[in-house]
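Analysis of the macromolecular model
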Amino acid sequence: MSSNSNPIKIGIVGVGKIVRDQHLPALAKDENYRLAAAASRHGKVDGVPNFPTIEAMLDAVPELHAISLCMPPQFRYDAARTAIEAKKHVFLEKPPGATVSEVEDLKALAAENSVSLFASWHSRYAPAVEAARTFLGSTRIRSAAINWKEDVRRWHPNQEWIWQPGGFGVFDPGINALSIATYILPAMFISSAVLDFPENRAAPVAAQVTFRTSSGLPVTMDLDWLQTGPQSWDILADTDKGAMVLSGGGSKLIVDGHVVHDEPEAEYPMLYKRFAEIVRAGISDVDLAPLQHVADAFMLGKRNVVAAFFD
Ligand code: NAP
């Protein structure tokens, strides 16, 4: 397939907030794609045929090459299996699934069916992430800290799935931090975790996690979903070349007090560019490190019960 003469015909499934905010604008501007259909129980996309289920979409529009799966993670595996068995390339919104093993299964299934599977991590494509990785690769890191604190009522109002098992709670944004940290820091593993569960919810509202690397580098992660006022999506590192601050969810890099990188974000255009690349190259891109850390935090973490949460 060459870029615009033979665009990737793509269908989108699970038309909600992230589809409207990011997927549709990114696809509309990318000549690698032609959006050809959508499937959702309630949501609709203007200008393309809409179907209630992925099965109905695949039956009616068999010429689709690829499918983007944008429903919440608990409901993604069956749709991904259906798409892969129909020989479609698959783009998985983050997190790629509700468990590590189901995504491993999809990875093997994609290989068997010779289609590309993309576990997308949008925060990895934030503008200053690559520069932070290069900087950290050029110095000795003494310690690092991840501070991801936001107001759930502002960013996820009335999203029931996010508080249910498999919705990850505060790890839904926290996994974005982990997708950056696992890209810019040396390989690490969790040594302790404390998770705060509201008494009326099945997912945590806050978490404190401690990691270490094989060489003993300490890394802490502080997740809080009740932060009002200024929001923080920061990764800090103390290094031999001074303090590094990667702020704004990966959009701004400050080293030793100097702004090194500060650009507007283009995460979803970059994600779709990468997906087109892997489809055309006939490969998959499925890094499970961020999801594995979340699984480990739930496995190792001590649980506190805290005050009930109401939207
Ligand atoms: P959302 O609006 O609550 O959900 C997306 C759509 O999925 C819903 O509108 C719904 O459409 C469909 N859906 C919901 N429950 C379903 C179920 N039980 N079975 C099948 N489909 C179901 O959520 P979102 O904010 O777009 O998030 C979706 C995914 O994108 C999540 O994995 C999230 O982590 C990720 N994401 C979100 C953001 C953000 O800022 N919101 C940013 C980056 C990534 P129908 O009712 O029409 O079927």
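Residues numbered from 1 in each chain as written. Predicted model: local features only at pLDDT ≥ 70, side-chain atom pairs only at ≥ 80, totals over all residues. Heavy atoms only, no water.

Next up on the list: the side chain of His122. If you trace the backbone, His122 turns up in the loop between strand 6 (117-119) and helix 5 (129-137). For His122, a relative accessible area of 14% gives the class buried. There is a polar contact of 2.6 Å between the side chain of His122 and the side chain of Glu267. (Helix = DSSP H or I, 4+ residues; strand = E, 2+ residues; numbered from the N terminus. Buried < 20%, exposed > 50% of the residue type's maximum accessible area, 1.4 Å probe, protein only. Polar contact = N/O pair within 3.5 Å; in protein donor to acceptor, adjacent residues only side chain to side chain.)

What follows deals with the layout of surface pockets. If you add up the space inside the largest pocket, you get close to 1500 Å³. Lining the largest pocket are 50 residues; nearest its centre among them are Lys17, Ile18, Glu93, Gln159 and Trp161. Among the elements that make up the lining of the largest pocket, the one with the highest residue count is helix 1 (residues 17-29) (six residues). Of the residues in the lining of the largest pocket, the class split is 21 nonpolar, 16 polar and 13 charged. Looking at which domains feed residues into the lining of the largest pocket, each of domain 1 (8-119) and domain 2 (123-264 + 295-306) gives three or more. (1 Å grid on protein atoms, 1.4 Å probe; cavity = no way out; pocket = protein on both sides within 12 Å on 5 of 7 lines; lining within 4 Å. Points joined across faces, edges and corners; volume = space filled by probe spheres on them. Nonpolar A, V, L, I, M, F, W, Y, C, P; charged D, E, K, R; others polar. Domains from an automatic or database assignment.)

Let us now look at the packing of helix 1 against helix 8 (residues 267-281). The N-to-C vectors of helix 1 and helix 8 enclose an angle of 60°; their axes lie 8 Å apart at closest approach. By the criterion of interaxial angle, the relationship of helix 1 to helix 8 is oblique. In the crossing of helix 1 with helix 8, the sense of the turn from one axis to the other is right-handed. Within the contact between the two elements, helix 1 uses Ile18, Gln22, His23, Ala26 and Leu27 and helix 8 uses Tyr268, Pro269 and Tyr272. A per-class count over the contact of helix 1 with helix 8 returns six nonpolar, two polar and no charged. (Axes fitted to C-alpha atoms, helices over the stretch in contact; angles between N-to-C directions. Parallel < 35°, antiparallel > 145°, perpendicular 65-115°, else oblique. Left-handed = near helix turned anticlockwise from the far one by under 90°. Contact = heavy atoms within 4.5 Å.)

Glancing now at the site of the ligand. Near the ligand there are 23 residues, and of these Ser40, His42, Gly43, Lys94 and Asp172 occur at the shortest range. Taking Ile18, its main chain carries an N or O atom lying 2.9 Å from an oxygen atom of the ligand. Calculation on the ligand without its partners gives an accessible area of 870 Å², and the protein chains cover 82% of this total. Placement of the ligand is best described as lying within the largest pocket. Taken together, the residues of the shell around the ligand sort by class into 10 nonpolar, seven polar and six charged. Residues lining the shell around the ligand come from more than one domain, with at least three contributed by each of domain 1 (8-119) and domain 2 (123-264 + 295-306). (Near = heavy atom within 4 Å. Areas by Shrake-Rupley, 256 points an atom, 1.4 Å probe, with all protein chains shown as cover. Sits in = over half its atoms within 2 Å of the grid points.)

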